[in-house]
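Working through the structure, step by step
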Amino acid sequence: MPAQSEVLVAPVPPREAPPRRPPGRKRVCWFAPRVFALTGVRAVISATIGKQADRRVLDALVVPGQEAMDFSVDETGRPREELWLDYVSDLGDGWNATYEVAREVARKRLALRDEQGQEHETVGGEVLVFGGDEVYPTASLREYEERTLRPWEAAFRGQRPRPHLFAVPGNHDWYDGLVSFSRLFCQGRALPAWSTHQRRSYFAAKLPHGWWLIGLDMQLEADIDEPQVEYFQQLCEKEMGEGDRIILCLAEPAWLLEQVRPPSRQGRGYLENNLEFLERKVLRRRVSVFLAGDIHHYRRHAHEDGRQKIIAGGGGAFLHPTHQPKTSRTLAEGFTERKCYPSASVSRRLCWRNLGFLGRNPSFGLLTGALYVLLSWVFLAGGVRGANPLEVWLEPGVLLVLGLLVLGLVGFADERFGRWRWLAGLTHGLAHGAAAFLLTWGTLGFTGSVLGMEPESAWRDLAGTLLVFASGFVVGPTLMGLYLLISLNAFGAHPNEAFSALACPDWKNFLRMKIDRDGKLWLYPVGIQRVPRRWKPGATVREPEWVADPADRRATPPVMIESPIVVG
């Protein structure tokens, strides 16, 4: 009788249901106490240690040689007639904005309509430049993975071939001493969204028709280190031709910082002196196009001879205002402002959203709620239950706590207030003190007259504390939002705080460029007024991992911010 054999069949594991929501991170809430404290500590550590140990010098010792990538010829060695490039800066924040910009960059072709209604057909760039601040709020491998890599890889799935990426580090990339930035962008890695080639935090790439793409690292007090100077000197002497033209990428717009930064950070004229030294002594030629981020909107200044200075910091981070602080329309050397996006009127209108401060920064209410409870206890200890409660303001304990609060808010007040800074902080502090006092007084009346609780009872104290905390949770952020609204729209102060509080994901931008057959450089500024808020998984492998949900009808398609700019 033949032996019987049993066939063992491995059970088929159940298929995992596709995710219903994108796996990305939410926008950074800059007024969350934890984020505020962590970012401040990282910034101080980076500034302190960075002055003593310059990572760029160490990298130059480890990687003594760095050759410029040559995109003037194709894979077969034939000269290129055309080349498309993309420039994106200040990315790696919330999913909606970062992914939408990446999704539009990843398209093989993108048809754009300008202000006159004319349509322009653009092609996804073979070269991609990240212009600074590739992640928020602080640099780490995890933050890069979740806020930058993940959305860009999802956007490029099923789209065009991955581009060659070059990256300029910004101040947020420096918060871990450039360690994570170097691992991700300076080790020649090929990832699904891009491939990298640079070995240091600065780079050079040869483009068709005598164009060069150069990226500087000017962090650590905005200085150019000696190895970097030597690298570009040798590049200029050995490889650049006499009539070659340069696209220079910077992390910060040196030409505008003196006007938009507070007084204590102004007077740094060596920023532009460094650029002047680089142009005249190192590169020995004028730069045709300056590109920078750091300021999170689009702004272009142009010279009569065709040179351009462009800020395009709209890759995903919160929007910066365009209406304040006031800037001169004419810069040094005759550069004049030609366009900003969004317009000043739109920017001023957006600032009014600070009246809804709590809805965008809910965890800040926990801080103000606790502060109001503390003030309430101080008022109670000072005798607010007495016949004349206003006398408690003169109690030593009350004066001490209120004095500390006022001093803290004077320190918070923007230096742009000038000599009136103390008055702004005093007014802000007294507003919170008065609100806490009135809430304490009102809570005593409510728990006693309405709820009928006995004086000096533990239950009444507990109920009063909870009511003051709940009230402070709402009132405190509202007063902060009102303070920021008045400060910016009336006095031009707190531009960064007022708009970081909004964390506006809209009004994004990036720059698409083309070097044509005649050697001219075409610049296509792309704007996205409202990014999608709802997503659904891509139906096929030819689509990105996530596509905009058609039900989100308020989202707008990308358009040209202004007509193409032609250089050369």
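To start, this report covers the structure provided alongside it.

If you tally the helices and strands in the protein, you get 15 helices and 20 strands. The burial tally for the protein puts 53% of its 568 residues in the buried class. Carbon together with sulfur atoms contributes 57% to the accessible area of the protein, which is approximately 26300 Å² in total.

Right, let's talk about unusual backbone geometry for a bit. What is expected of a backbone is that most residues other than glycine have negative phi and most peptide bonds are trans. Between tyrosine 136 and proline 137 the backbone carries a cis peptide bond, its omega angle lying at -5°. Among the structural elements, proline 137 can be located in the loop between β5 (127-130) and α4 (141-156). Residue proline 325 follows glutamine 324 across a cis peptide bond; omega there is -10°. Turning to its location among the elements, proline 325 is positioned in the loop between β13 (308-312) and β14 (336-341). Located in the positive-phi region is aspartate 90, a residue other than glycine, with phi close to 60°. Take aspartate 90: it is sitting in the loop between β2 (83-88) and α3 (95-106).

Read across the sheet, 8 strands follow the order β1-β8-β9-β10-β11-β13-β12-β14 without closing on themselves; strand pairing throughout is mixed. Of all the strands in the sheet, the pair left with one neighbour each is β1 (69-70) and β14. Alignment of strand β12 (residues 298-302) against β14, held across 5 bridges, turns out to be antiparallel. Bridge pairing links tyrosine 298 to tyrosine 341 in β14.

Note on placement: glycine 314 falls in the loop between β13 and β14. Overall, glycine 314 belongs to the buried group, its relative accessible area being 1%. For glycine 314, the residues in contact, after removing those within four places along its chain, are Ser89, Val101, Lys508 and Asn509.

Time to look at helix α14 (residues 458-491). The terminal C-alpha atoms of α14, which comprises 34 residues, lie 47 Å apart, in line with the 50 Å expected from a rise of 1.5 Å per residue. Where α14 bends most, the angle comes to about 30°, and this point is glycine 472. The positive-phi residue at the C-terminal boundary of α14 is glycine 492, with phi of around 70°.

What follows covers the pattern of salt bridges. Throughout the structure, instances matching the rule amount to 24 salt bridges. Put simply, arginine 107 and glutamate 104 hold a salt bridge, and the shortest N to O gap is 2.7 Å. Residue classification places arginine 107 among the partly exposed positions, given a relative accessible area of 30%. The salt bridge partner of arginine 307 is glutamate 333, with a shortest N-O separation of 3.5 Å. You can see arginine 307 sitting in the loop between β12 and β13 and its partner glutamate 333 sitting in the loop between β13 and β14, a full 26 residues away along the chain. The class for glutamate 333 is partly exposed, based on a relative accessible area of 45%. A network of salt bridges, in which partner residues are shared, links Arg25, Arg142, Glu143, Glu146 and Arg147.

Counting residues in each nonpolar core, the largest one holds 52 residues, and the members touching the most others are Leu207, Leu213, Ile247, Leu291, Met513 and Leu521. Those residues in contact with isoleucine 247, other than ones at most four positions away along the chain, are Leu207, Trp211, Trp212, Leu213, Ile214, Val289, Leu291, Met513 and Leu521. If you look at the next biggest cluster of nonpolar residues, it comprises 40 residues, including Leu91, Val105, Leu149 and Leu178.

Looking now at the pairing of strand β3 (residues 109-113). Here β3 shows a clear split, with Leu110 and Leu112 buried on one side and none of Arg109, Ala111 and Arg113 buried on the other. The pairing of β3 with strand β4 (residues 119-123) spans 5 bridges and is classified as antiparallel. What sits directly across from leucine 110, in β4, is threonine 122. Taking the residues that link successive antiparallel strands as the turn, the β3-β4 hairpin has 5 residues, and the phi of glycine 117 there is positive, at about 90°.

The next thing to look at is the packing of helix α13 (residues 421-450) against α14. Following both chains from N to C, one finds α13 and α14 inclined at 150°, their axes separated by 9 Å at the closest point. Between α13 and α14, the interaxial angle falls into the category roughly antiparallel. Once α13 is placed against α14, the crossing between them reads as right-handed. On α14, the residues that touch Ala424, His428, Ala431, His432, Ala435, Leu439, Thr440, Thr443, Leu444, Phe446, Thr447 and Gly448 of α13 are Arg460, Ala463, Gly464, Leu467, Val468, Ser471, Gly472, Val475, Gly476, Leu479, Met480 and Tyr483.

For the rest of this paragraph, the subject is a nonpolar patch on the surface. Taken together, Trp352, Leu355, Leu482, Ile486 and Phe491 make up a surface patch of nonpolar side chains, about 520 Å² in accessible area. Mapped onto the fold, leucine 482 is located in helix α14.

It is worth spelling out the packing of aromatic side chains at this point. Taken as a whole, this structure holds 27 aromatic pairs when the rule is applied. Seen in terms of ring centroids, tyrosine 202 and tyrosine 231 are 5.7 Å apart; in terms of plane orientation they differ by 55°. Their pairing is tilted. Of this pair, tyrosine 202 sits in the loop between β7 (195-196) and β8 (203-206) while tyrosine 231 sits in helix α6 (residues 226-238), and the two are 29 residues apart along the sequence. Like tyrosine 202, the residue tyrosine 231 is buried in the burial classification. Ring geometry for tyrosine 341 against tryptophan 507: centres 5.3 Å apart, planes inclined by 65°, an arrangement best described as edge-to-face. Of the two residues, tyrosine 341 sits in strand β14 while tryptophan 507 sits in the loop between α15 (495-502) and β15 (508-515), which places them 166 residues apart along the sequence. Accessibility assignment for this pair places tyrosine 341 and tryptophan 507 in one class, buried. Chaining the aromatic ring pairs together yields one cluster made of Phe130, Tyr144, Trp152, Phe156, Phe181, Phe185 and Trp194.

For the rest of this paragraph, the subject is the pairing of strand β16 (residues 521-528). Within β16, 7 of the 8 residues are buried, which leaves the element mostly enclosed by the surrounding structure. With 8 bridges joining them, β15 and β16 adopt antiparallel strand pairing. For lysine 514, the partnering residue across the bridge sits in β16 and is tryptophan 522. Between the end of β15 and the start of β16, which pair antiparallel, lie 5 residues, with glycine 519 showing a positive phi angle near 85°. With 2 bridges joining them, β16 and strand β19 (residues 559-560) adopt antiparallel strand pairing. Bridged to glycine 527 within β19 is valine 559.

So, how was this worked out
Residues numbered from 1 in each chain as written. Predicted model: local features only at pLDDT ≥ 70, side-chain atom pairs only at ≥ 80, totals over all residues. Heavy atoms only, no water. Helix = DSSP H or I, 4+ residues; strand = E, 2+ residues; numbered from the N terminus. Buried < 20%, exposed > 50% of the residue type's maximum accessible area, 1.4 Å probe, protein only. Areas by Shrake-Rupley, 256 points an atom, 1.4 Å probe, with all protein chains shown as cover. Pairing = 2+ DSSP bridges. Contact = heavy atoms within 4.5 Å. Expected span 1.5 Å × (residues − 1). Bend = angle between axes of the 7 residues up to and from the residue. Salt bridge = Lys/Arg side-chain N within 4 Å of Asp/Glu carboxyl O. Core = buried A, V, L, I, M, F, W, Y, C linked by side-chain atoms within 4.5 Å. Axes fitted to C-alpha atoms, helices over the stretch in contact; angles between N-to-C directions. Parallel < 35°, antiparallel > 145°, perpendicular 65-115°, else oblique. Left-handed = near helix turned anticlockwise from the far one by under 90°. Patch = residues over 30% accessible without salt bridge, like charges linked within 9 Å, V, L, I, M, F, W, Y side chains within 5 Å. Phe/Tyr/Trp six-rings, centres within 6.5 Å; stacked < 30°, edge-to-face > 60°.

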